[in-house]
Structures are given as C-alpha cells and as structure tokens.
Amino acid sequence: MADVVVVGAGFAGLSAARELVRLGHEVVVLEGRNRVGGRSYTGTLAGVPVDLGATFVGPTQDAVLALAAELGCESVPTYGRGKNLIRWRGRVRSYRSTIPRLSMLELVDVSRIQWRFDRISRKVPVAEPWTSPIAGDLDAVSLDKWLRSVHASASTHDLMAIMARVTWGCEPDAVSMLHAVRYVKAAGGLGRMLDTEGGAQQDRFLAGTQQIALRMADELGDRVVLDAPVTCIQRNQDGTVTVASRQSDFTARAVVVAIPPAHRAGIQFDPPLPTGHQELTQNWPQGHLSKAYAAYDRPFWRDNGCSGEALSDEGPVFITFDVSPSDTGPGILLGFTDARMFDALPSQQRREVALAGFAALFGDAASTPIDYLDHCWGTEEFAPGGPTAAVPPGSWTTYGRSLRAPVDTIFWAGTETADAWTGFLDGAVRSGIRAADQAHQELRRRS
C-alpha cells in the first residue's frame, strides 16, 4: 500500500517522489532498470567519471541547479578557452563564436534563418502550442521542409542538421517544425540552447550528473525498488489504483508515470487509456543519439590554443567538447556520434571510427588514447532511445493535448512534458515537481 506509486527513477520520478514525501505522502518508486538516473548515467574512463547520458547544465536551469546545490553536488565550468574547430567540406578551420563564420554570405544566411525562427516562436505558446493560429501550418511540415521553403543555404541547412542530431537525435526531416519552435522557445531561444558560456552547456559536474539521482535515491531509501518494470496499471472501482511490476503489486491512491511518452506503450492500462493517450505513445518517438569518449595523458589540444569544442559535417562524430578534469590530465574528449552510422558497428569498429573522427579534428595524437568508452542509447534493451522525443509532423496538433493531461488519478511526468527546458535535466525536475503537486491536490480534494 502507498499513497502514490511513482513509475520511473529518473530525475523526474525521483523529484516527484521527494516532493510527495515532503508533502507527507507514503511513496513507492518502481524502476525497471537496475539503477537510478534514467537518461543520466555516469561511467568511468581512465579513472575519471564521465556522463554517458545527460551532461551539462546552464543559466536559467534553476530547478536542477537548486536541486544539485541542495544535495551538495558541485558544478564546474565547461572548458571553453581558445579557438573552436569545424571540419567543413573537407577542411578544418577555426572560429570563436557559437555559429561558425564559414563565409560572410553564409553567416548572413544563418543569421537570417535564426531571426525568422525566433520571430515565429513569438506566436507559439509553450504550454499549449496547438492553440497558435499558425500551429497547423507549422505542424504540417518538418524542420527540413521549412528550411527549404525559406531557401536556407546548404551550409545553414547542414548546421541545423547538426543541431537536430544533438538536440533530438534525428534528422531535420523527422521533426515537426512546430515541435522545433516550441522546444527552442522552452529553452530560451537558439542562443541560450546552443551556447556554452551563458548557455545550456556552460557547466557540468566533475562527479557526473548521476550522483544527483543517487543522492535523491539515498534520501528515499527503501521506497525505491529497482529491477521492477511496471507491466500493468489498473484503475479500481473504489478509486484506488493497482500497479503491477515484476517484483510485486502495489495499491495506491494515485500514480505518477515518469517515463518518456513512447515507453508508456509498454504498460497495459486497465481500463484502457482514452484514445488520444493511446495514440500519443505511437506518435511521440524517442530519438537516437550516442556518445564516444577518448582519454589521453593530458589535454594536448590546449597546447595549440584549442578549446576542444568542434563541429564536423562528416560523421560519425559531429560535435566534441573538452571534459578534462584539469590542465594536467587526463585529457578527455567527448564526442556526440550519429547513431545511424555508429550503433550498428561492432565495438572495435565503433572505437576506430570515433578515434578517426577525433583525429581529423585534433591531429594524429587523438588516434592513440589511453582509454576509450562509448554508449549507444538506441540499442539498450530496456527503455531504448534518447536524448529526448523526436516529435514528427502532425503529432502536436493531433495528440499534444494528451501529453500530460491526467487520467483520473494517473499523472504524467518526464522531461518531454515540461514547459521550460523540455528535454533537459531541468525540465525533468520541473515536471516531477509539477506532477507531484497535481497528485497532492487531487488526493486532498478526494479526501
């Protein structure tokens, strides 16, 4: 028995559970994996913690920053001193801003597209984007089709493709323009979302982001049950809810489901959810993004005045960051990789192509690391995919109303349901607190 069962022990579920306990409720958290953290997962490379999932935090991400501070998890600035590199059309060149200045004409075109993007976003409310007078037009086309309609240059289109891969884990033709505009607005604009200094990549945690989830779980103690994937949620005639997992069944007065929309399909609901909620799970797919890390004795690229940040129009590594713990070493490069050409490769071949990508940017020294590690989220057996939902055209205007609308005493959390910093750790924390408050208010009303 419990007042509330929380499904999922990621940042959203654990935040919901903490808030519900603070409000005086008995809570059980059921997690299908054998660990907490969800899409936050910290591994070890050359003896240094590295984030295989969510990594960065930045200004205005107040919910996750406050949580980290409360739990004593300190952040450090992401290294960004020096010149950035871009591998473009067969050449490697340097730049010092967020947007590479490939040529004056290309820079003007990127600025033109960004201006049009920001102008459109003013007409789209984040909370209910389907109510915008232009929602139908935006949701009818992909980001790719919109870029073509406004005659974006090939360079602008390719830069936006890199953004789509790292943001949603998909190509521009797979994501709705309405979703793209709403998502970017929820982050505070393109600059805020893409920048390092002053943006979403400004800071990181030396001990990794999963430590935040682990400390939340420690607080909750035996309320958190691992290896307990939920198989069925049954609404009973007496107003209670029975939640069945592989570990055991729990009866509660309410449920918070804190997993990605696509993964709700793995739970049987009895009676079935309303049609919109059912169809949402089939039309809100997860993207696919992978990461590769290489460790070296020291961050040698800094000797050449390089920041470690780089872009590439050739895969599979298309964005890199320097996540070294210090100047003295070890030096660690993080590379985001294109899952389409990376995930299906055998492990040794993944290592070879990732190191070739690092070497193409930073020189031959990058091809001989002291350690290497990668992680392919799309190949996970349980809850595959990431970093967040890649919402296709037509989904927001057709199914958006069901994204977080409660069904009796079933409430929905997860970063995809957030109105600020959707898709980020901050959005996950906000969504958990919001769902906990909804459940609390409903239980008070029923009492």
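See above for the structure.
This report concerns the structure included in the present document. (Residues numbered from 1 in each chain as written. Predicted model: local features only at pLDDT ≥ 70, side-chain atom pairs only at ≥ 80, totals over all residues. Heavy atoms only, no water.)

1. A word on the sheet that holds strand 6 (residues 75-77)
Backbone hydrogen bonds hold the strands of a sheet together, and the pairing may be parallel or antiparallel. One open sheet holds the 3 strands; their spatial order is 5-9-6, and the pairing between them is antiparallel. The sheet is open, and its two borders are formed by strand 5 (56-57) and strand 6, each paired with just one other strand. Here 3 bridges tie strand 6 to strand 9 (residues 203-205), and the two strands are oriented antiparallel to one another. Bridge pairing links Ser75 to Phe205 in strand 9. (Pairing = 2+ DSSP bridges. Helix = DSSP H or I, 4+ residues; strand = E, 2+ residues; numbered from the N terminus.)

2. Some words on the nonpolar core
For soluble globular proteins, the rule of thumb is that nonpolar side chains tend to be buried together. Ranked by internal contacts, the top residues of the largest apolar core, which has 39 residues, are Phe117, Leu143, Trp146, Trp168, Met177, Met193 and Trp284. Of all the secondary structure elements, the ones that give two or more residues to this core are helix 3 (104-121), helix 4 (135-139), helix 5 (143-149), helix 6 (154-168), helix 7 (177-186), helix 8 (190-194) and helix 13 (395-399). With 6 residues, helix 7 is the largest single contributor of residues to this core. Leaving out residues up to four positions away in the same chain, Phe117 has contacts with Leu143, Trp146, Met160, Met177, Ala180, Val181, Val184 and Leu190. Ala9, Phe205, Ala254 and Leu425 belong to the second-largest nonpolar core, a separate cluster that totals 38 residues. (Core = buried A, V, L, I, M, F, W, Y, C linked by side-chain atoms within 4.5 Å. Buried < 20%, exposed > 50% of the residue type's maximum accessible area, 1.4 Å probe, protein only. Contact = heavy atoms within 4.5 Å.)

3. Concerning the layout of surface pockets
Put simply, the second largest pocket is a space of about 160 Å³. If you trace the second largest pocket, you find it lined by Ser15, Arg18, Glu19, Arg22, Ala63, Ala66, Leu67, Glu70, Val429 and Ile433. Mapped by element, the contributors of at least two residues to the lining of the second largest pocket are helix 1 (11-22), helix 2 (62-70) and helix 14 (425-446). Along the lines of polarity and charge, the residues of the lining of the second largest pocket split into 5 nonpolar, 1 polar and 4 charged. (1 Å grid on protein atoms, 1.4 Å probe; cavity = no way out; pocket = protein on both sides within 12 Å on 5 of 7 lines; lining within 4 Å. Points joined across faces, edges and corners; volume = space filled by probe spheres on them. Nonpolar A, V, L, I, M, F, W, Y, C, P; charged D, E, K, R; others polar.)

4. Thoughts on the side chain of Arg33
Of note, Arg33 is situated in the loop between strand 2 (27-30) and strand 3 (42-45). Excluding anything up to four places from it in sequence, Arg33 contacts Gly38, Leu226, Asp227, Trp377, Glu380, Phe382 and Ala383.

5. Re the environment of Thr417
Positionally, Thr417 belongs in the loop between strand 20 (410-412) and helix 14. With a relative accessible area of 2%, Thr417 lands in the buried category. Sequence separation between Thr417 and Arg404 is 13 residues; the distance between their C-alpha atoms is 6.1 Å. Dropping the residues within four chain positions of it, Thr417 is found in contact with Arg264, Leu403, Arg404, Trp412, Ser431 and Arg434. Separated by 2.7 Å, the side chains of Thr417 and Arg434 make a polar contact. (Polar contact = N/O pair within 3.5 Å; in protein donor to acceptor, adjacent residues only side chain to side chain.)

6. Considering the packing of aromatic side chains
Two aromatic rings, taken as a pair, are described by how far apart their centres are and by the angle between their planes. A complete count under the given rule lists 13 aromatic pairs for this structure. Consider the rings of Phe117 and Trp146, whose centres lie 6.1 Å apart with planes at 80 degrees: the pair is edge-to-face. One end of the pair, Phe117, is in helix 3; the other, Trp146, is in helix 5, with 29 residues separating them in the sequence. The two residues Phe117 and Trp146 agree in class, both being buried. (Phe/Tyr/Trp six-rings, centres within 6.5 Å; stacked < 30°, edge-to-face > 60°.)

7. Structural notes on empty space enclosed by the protein
In this approach the atoms are scanned with a rolling probe the size of a water molecule, which exposes any empty space left behind. With the rule as written, the count across this model stands at 2 cavities of 30 Å³ or more. Approximately 70 Å³ is the volume attributed to the largest cavity. What lines the largest cavity is simply Pro49, Val50, Asp51, Thr55, Arg204, Phe205, Leu206, Gly208, Tyr293 and Val323. Sorting the residues of the lining of the largest cavity by element identifies strand 4 (48-51) and strand 9 as the ones contributing at least two each. The element that contributes the greatest number of residues to the lining of the largest cavity is strand 4, accounting for 3 residues. Per-class residue counts for the lining of the largest cavity are 6 nonpolar, 2 polar and 2 charged. In this structure, the second largest cavity spans a volume of roughly 40 Å³. Considering the residues around the second largest cavity, the lining is formed by His179, Arg182, Tyr183, Trp284, Thr388, Ala389, Trp396, Leu403, Glu416 and Thr422.

8. Digging into the environment of Ile120
Here Ile120 lies in helix 3. Distance from Ile120 to Arg182, taken between C-alpha atoms, is 9.7 Å for residues 62 residues apart in sequence.

9. Some words on the side chain of Thr337
Mapped onto the elements, Thr337 comes out in strand 18 (residues 331-338). Thr337 sits in the buried class, given a relative accessible area of 0%.

10. A word on the sheet that holds strand 19 (residues 371-376)
One open sheet accounts for 7 strands, arranged 8-7-16-17-18-15-19; its pairing is mixed. Both edges of this open sheet fall to strand 8 (91-95) and strand 19, since each of them pairs with a single strand only. Within the sheet, the average angular offset between the axes of one strand and its neighbour, ignoring direction, is 20 degrees. Sheet analysis places strand 17 (residues 317-322) next to strand 18, joined by 5 bridges and oriented antiparallel. If you follow Phe321 over to strand 18, its bridge partner there is Leu334. With respect to the sheet, helix 12 (residues 347-362) is in contact with strand 7 (83-88), strand 8, strand 15 (289-296), strand 16 (306-312), strand 17, strand 18 and strand 19, its orientation differing from that of strand 15 by roughly 70 degrees. (Axes fitted to C-alpha atoms, helices over the stretch in contact; angles between N-to-C directions.)

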